[in-house]
Amino acid sequence: MPTTPSFPKLQSELAIMAVFAAAVLTMPLWMAPFGAAYPDLLQKFAIYGIFAIGFNLLFGLTGYLSFGHAAFLGVGSYAAVWSFKLFTMNVLPAVVFGTLVASLFAVLIGFVALRRAGIYFSILTLALAQMSYNMAYSVLTPITNGETGLQLTQNDPRMIDHMFVDRGAGLPSTNLFGLEMSGYPGFYFCAVVLIIAFFISLRIFRSPFGLKLRAIKSNQTRMGYTGFNTRPHLLFAFIISGGFAGLAGSLLAITDPLAGAERMQWTASGEVVLMTILGGAGTLVGPLLGAGLIKYFENIFSAFNDSTLHEIFAFLPDGLESVVVFLVSPFVGEGWHLTLGALFMVIVIFLPGGIMEGLRRLSRLVRRPSAGRADQPQTQEG
Amino acid sequence: MSDDRNKLTVSRRGLMKGSVVAGAALATPTFFTKGAYAATFRNDPTNSPTVTFGFNVPQTGAYADEGADELRAYKLAVKHINGEGDGGMLNTMKPLALEGNGVLGKKVEFVTGDTQTKSDAARASAKRMIEKDGVIMFSGGSSSGVAIAQQSLAQEMGVVFMCGLTHSNDTTGKDKRRYGFRHFFNAYMSGAALGPVLKDEYGTERRAYHLTADYTWGWTQEESIKNTTEALGWETVAAVRTPLGAGDFSQYITPVLNSGADVLILNHYGKDMVNSLTQAVQFGLRDKMVNGKQFEIIVPLYSRLMAQGAGENVKGILGSTNWHWSLQDEGSMAFVKSFGAEYGFPPSQAAHTCYVQTILYANACQMAGSFAPPQTIRALEDFEFDGMGNGPTLYRGADHQCFKKVLVVRGNENPTSQFDLLEVVKEVPAEAVTYDPAIFGGELGPYEVS
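Residues numbered from 1 in each chain as written. Chains lettered and ligands numbered in written order. Predicted model: local features only at pLDDT ≥ 70, side-chain atom pairs only at ≥ 80, totals over all residues. Heavy atoms only, no water.

Chain B appears in an unreviewed UniProt entry as Branched-chain amino acid transport system substrate-binding protein from Roseospirillum parvum. According to its UniProt record, chain B has this under Sequence similarities (unreviewed entry): "Belongs to the leucine-binding protein family." (UniProt positions renumbered as here; feature names shortened; annotations may be inferred.)

Under an unreviewed UniProt entry, chain A has the name ABC-type branched-chain amino acid transport system, permease component and belongs to Roseospirillum parvum. One UniProt comment on chain A, placed under Subcellular location (unreviewed entry), says "Cell membrane".

Observations regarding the interface of chain B and chain A
Taken together, the contact pairs 33 residues of chain B with 35 residues of chain A. Buried surface at the junction of chain B and chain A, summed over both partners, amounts to about 3,000 Å²; 52% is from carbon and sulfur atoms. Seen at the junction of chain B and chain A, the total is 3 salt bridges. On the surface where chain B and chain A come into contact, there are 6 residue pairs in polar contact (both at pLDDT 80 or more). Residue assignment for the side of chain B that touches chain A shows that the elements contributing at least two residues are α1 (2-33), α3 (119-132), α4 (144-157) and α6 (216-232) of chain B. Sorting elements by how many residues they give to the side of chain B that touches chain A places α3 of chain B first, with 8 residues. For the side of chain B that touches chain A, the residue count by class is 11 nonpolar, 11 polar and 11 charged. (Contact = heavy atoms within 4.5 Å. Buried area = accessible area lost by both parts, 1.4 Å probe. Salt bridge = Lys/Arg side-chain N within 4 Å of Asp/Glu carboxyl O. Polar contact = N/O pair within 3.5 Å; in protein donor to acceptor, adjacent residues only side chain to side chain. Helix = DSSP H or I, 4+ residues; strand = E, 2+ residues; numbered from the N terminus. Nonpolar A, V, L, I, M, F, W, Y, C, P; charged D, E, K, R; others polar.)

Looking at the nonpolar core
Ranked by internal contacts, the top residues of the largest apolar core, which has 122 residues, are Phe53 and Leu264 of chain B. Ranked by the residues each element gives to this core, the list is headed by helix α11 (residues 349-368) of chain B, at 11 residues. Setting aside residues up to four positions removed in sequence, Phe53 of chain B forms contacts with Ile81, Val103, Val108, Glu109, Phe110, Val111, Val135, Ile136, Met137, Thr358 and Tyr361 of chain B. Within the second largest apolar cluster, 96 residues are counted, among which are Tyr64, Ala129, Leu234 and Leu340 of chain A. (Core = buried A, V, L, I, M, F, W, Y, C linked by side-chain atoms within 4.5 Å. Buried < 20%, exposed > 50% of the residue type's maximum accessible area, 1.4 Å probe, protein only.)

Things to note about the packing of aromatic side chains
In total, this model carries 34 aromatic pairs over all chains according to the counting rule given. With a centroid separation of 6.4 Å and an interplanar angle of 75 degrees, the aromatic rings of Phe53 of chain B and Phe55 of chain B are classed as edge-to-face. What makes Phe53 of chain B buried here is its relative accessible area of 0%. The buried category is assigned to Phe55 of chain B, whose relative accessible area is 0%. Clustering of aromatic rings is evident, with ring pairs tying together Trp323, Phe335, Phe339, Tyr343, Phe345, Tyr355 and Phe419 of chain B. The ring of Trp82 of chain A has Lys85 of chain A lying over it, and the distance from NZ or CZ to the ring centre is 5.6 Å. Over the aromatic face of Tyr435 of chain B sits the side chain of Arg396 of chain B, whose NZ or CZ is 5.1 Å from the ring centroid. (Phe/Tyr/Trp six-rings, centres within 6.5 Å; stacked < 30°, edge-to-face > 60°. Lys NZ or Arg CZ within 6 Å of the ring centre and 35° of its normal.)

Topic: the UniProt feature "domain: Leucine-binding protein" (unreviewed entry) in chain B
Mapped onto this structure's residue numbering, the UniProt feature "domain: Leucine-binding protein" (unreviewed entry) falls at residues 50-412 of chain B. Taken as a whole, residues 50-412 of chain B contains 41% helix and 21% strand, while its terminal C-alpha atoms sit 45 Å from one another.

Brief notes about helix α12 (residues 230-255) of chain A
All names here are of chain A. Taking 1.5 Å of rise per residue, 26 residues should cover 38 Å, and α12 covers 38 Å from first to last C-alpha, within 8% of that figure. For α12, a buried count of 22 out of 26 residues is recorded, marking the element as mostly surrounded by other parts of the structure. A side-chain oxygen of the first residue of α12 lies 3.3 Å from the backbone nitrogen of Arg231; this N-cap is Asn229. (Expected span 1.5 Å × (residues − 1).)

Focus: the side chain of Thr92 of chain B
All names here are of chain B. When you line up the elements, Thr92 lands in the loop between α2 (64-81) and β2 (107-114). Note on Thr92: relative accessible area 5%, which makes it buried. In this structure the side chain of Thr92 is engaged in a polar contact, spanning 2.8 Å, whose partner is the backbone oxygen of Gly387. When residues no more than four places from it in sequence are discounted, the contact partners of Thr92 are Glu330, Gly331, Ala334, Asp386 and Gly387.

Brief notes about the packing of helix α3 (residues 39-62) of chain A against α12 of chain A
Think of two packed helices as two axes; the pair is described by the angle between the axes and how far apart they sit. Residue and element names in this part refer to chain A. Contact geometry for α3 and α12: axes closest at 9 Å, N-to-C directions at 170 degrees. Looking at the two axes, α3 sits roughly antiparallel to α12. Residues Gln43, Lys44, Ile47, Tyr48, Ile50, Phe51, Ile53, Gly54, Phe55, Leu57, Leu58 and Thr62 of α3 form the contact with α12, whose participating residues are Leu234, Ala237, Phe238, Ile240, Ser241, Phe244, Ala245, Leu247, Ala248, Leu251, Leu252 and Thr255. Considering only residue class, the contact of α3 with α12 consists of 18 nonpolar, 5 polar and 1 charged. (Axes fitted to C-alpha atoms, helices over the stretch in contact; angles between N-to-C directions. Parallel < 35°, antiparallel > 145°, perpendicular 65-115°, else oblique.)

Set out below in C-alpha cells:
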C-alpha cells in the first residue's frame, strides 16, 4: 500500500479510536445531565450515528447527495425482523442478514442512479426510495405488513431457535446468546457496532480509496480524462454506504423488533441529510454530532410542555417567568421542528461546515485569542 | 496443504459448538430469574410519593385533532383522580374504589408524548416514558396500527397500556395482549349496530363501493361492514385501499361514479375522512340517482370532531360512534359539565374513552391494592361497572374488550350550535353487538413478563 506523508501513523488512529470508544461507551454517564441517559435514546444515538456515518461516506467523500438513503434503513429493518421470524432471535444473523440485503439493494439502486450525477442523481434516489416506500405500503404488504408494521408473532417458524428450546408463553425477545438486547445491553451492543463502523469509516477516509473518492468530488471530469474509471468506485462507495444504512436498520429492529414502512419515507431520508450537514459533511465526527443533536431534539425537546418550562424558568420573577414561558413554548413540544429548522438555517448560513466548523473556529479562538476574528477563510476537510 | 484445510474446518466447527454452548449457558439464568417477578415489577412506585402516567397521543399528522382532545381528557382525569375540580365521573361511577386522593394514597403525575401517528415514533416515545420517566401505565390512541404497536411494547416491557381511540378488530382480536385494554368499541360492533338501520333506511338491494384506509383498522372495518351489508343482501362492487394521510382522494372518487355503485362506504377516519367526504360531496355523488336510487354515503366510524371538519357535508350521513356528548345519562352529563367548565366546549368520543380508561386503570389499582401489573390486570378483567356514559359495561377478561351500548348517529340536518352536529338515531344495546371472542383468534399472553 502506498503511504504518503499526509496519511497519519497507526498510533494516531489508535489514539482516535481509544478516545472515541471511551466517549461512546461512557455515554450513559455524561449524557445524564442532559436528561438523555436512558437506553432507548442512547440506542438511537448510536444507531443513527451509524446511519449518518454511512451516509457521510457517500456524500462527504464523493459529493453525491443521495436523497433516498432511508430506503436502505427500511430494507435492513425488514430483513432483520424476517431473520427473527424465520430463523432465530439471536441478533448476529439479523445484523448480517440486514446489512447484506441492504447492500444488495444498494447494488440495484446504485447501478441505476449512478448513471447520473448532481441533482439528477438526488432525484433518482429520491424517486426510487419513494417507490420502495409506496411498494412497502401496497404490493409488498405480504412481506411488510403495510401500515401496521412487521411484527413478531407467537406462531413464527423461528426454525433454528425451535431446534433448541420450546416455545415460551409470551413472545421471545431478541438476544445475543441469551443476553437480552433491550435496555442497556442493547445500547452497549449498538455502541460496539458504532465503534467498529467508525473505525471502518476512519480507514476509508485515510485510504487511497478515500482519496480517489475525494478526487471524484473535486472534479470528476478531470478524473475521467486522466483515464480513471470513476463508476466502479462510486458504486462501491454507494454499496458501502447502503450497507451501513442497512446495518443501522437492523439495529433498529434488534432493539425493538418491529419494522414500519415510515422508516423509508422521504422525511427519513431528509433527516439523515440534515444530520450530516448539521454536523459537518465530509468530517469524521460531524455526522455523529448531527445525528445526536437531531435525535435529542426529537425525543427530549418534543416532550417539553408548559409545566416543564415553568419548572425550568422557576428562578425568574413570576411575571417575567410567564412571559419567558410564553415566548419559548412555541419552540418546544410540538414546535421542536421549528427550533430545528431555525438552528439548521443558522448553521447553514453562518457555519457552512456545520458544527465541526464551529468547533474548529472556537478552538482557534482559544489558541490565538488576538487573531480571533480576522482569520483566513476556512479550509475544510474533504 | 491438507493439514491447513483440516485446521480450518475443525476450528469452524469448534467455534459453532462453542457458541451454542455459550448461548445455552448464558440463557440458563433467565429460566431461574423469571419466578422472581411477583416481588418486583418495572417502575414500582412503592418508595415514591407519586405515580406517573404516560399520555402518548398524536400531536401531529392526520389524527392530530383527536390527539389534542384526548390530551385534554387525560389532564382532566388526572385532576379528578387527585381530588381536584368537580370530580366528573367519579361522582357517577359504580362501583368506585377511588377516594379522590390519588391512587392508593399517591398523587398522580403525568408526562406526555407525540406519536406522530407512526408506530416507530410512538414506540420511541413510549419507551422514553417507561425508561426515563418511569411511568406505571401509558395510554393513547387514534390509530389502531399505532395502538397495536404500543400494546405489544407494553407486553414486552411489562407496563400496562390502556388503549385510547382504536377501532380495529385486531386490537382485541388477533393482536390482543395481556397488558393492553380497550374501552372503545370496534369495527365488528359498528357493523352489527349499523346493519338494521341500513336495512330500514336504504333497503336490501344496494351496490356498495368501499374506500378503505390501508392499515389494520381500515381492513377490519371493511371486512366487518362488508359482512354486515352482504348479509342484508347488498352487493360489494369494489373495495379500494387508500394510503393513510393521502390528502387528495379525487383519483379514488372518480372511478366510483362509473362503477354502478349506489352507496359509497368511507372507511376513513380523522382528516382523511374529512377530505374524502368533502371531495365526494363536491364531486356531486350525493345528488346522483344510480340504479333508480338516491346515491348515499356511509361513514361507519363517526366522530364529532370529524363532523366539525367536514361541516355542511355531513348532513344526513349515517355512521356509528362510541359516545356522544348529547347523551342524557348521569355519567355523560357529569363528564360534559366538567370538561365544558375546564375547556369551554364539549368533549369528543376520543376524549371520553381516554378519560374513562384513565379512571378505570386508577380504580383497578385501588381495587387490587397494588400497582403490580398482574394484580391490576386481574382487577380489570371481567370488571363490571356503570355510570361512565355507556350504561352497564363489562370489561371482558377473554379479550380485554369492553361491551356496552353503541350509538348509531346521523349528520344533523339542522344543527343548533357548532357542536350539535350529530343526532343519535339509535342506542344499540350491548347484547346486540356482543360476539364470541374466539372468532378473531389471538392470544393474550402471560400475566408475568420478565
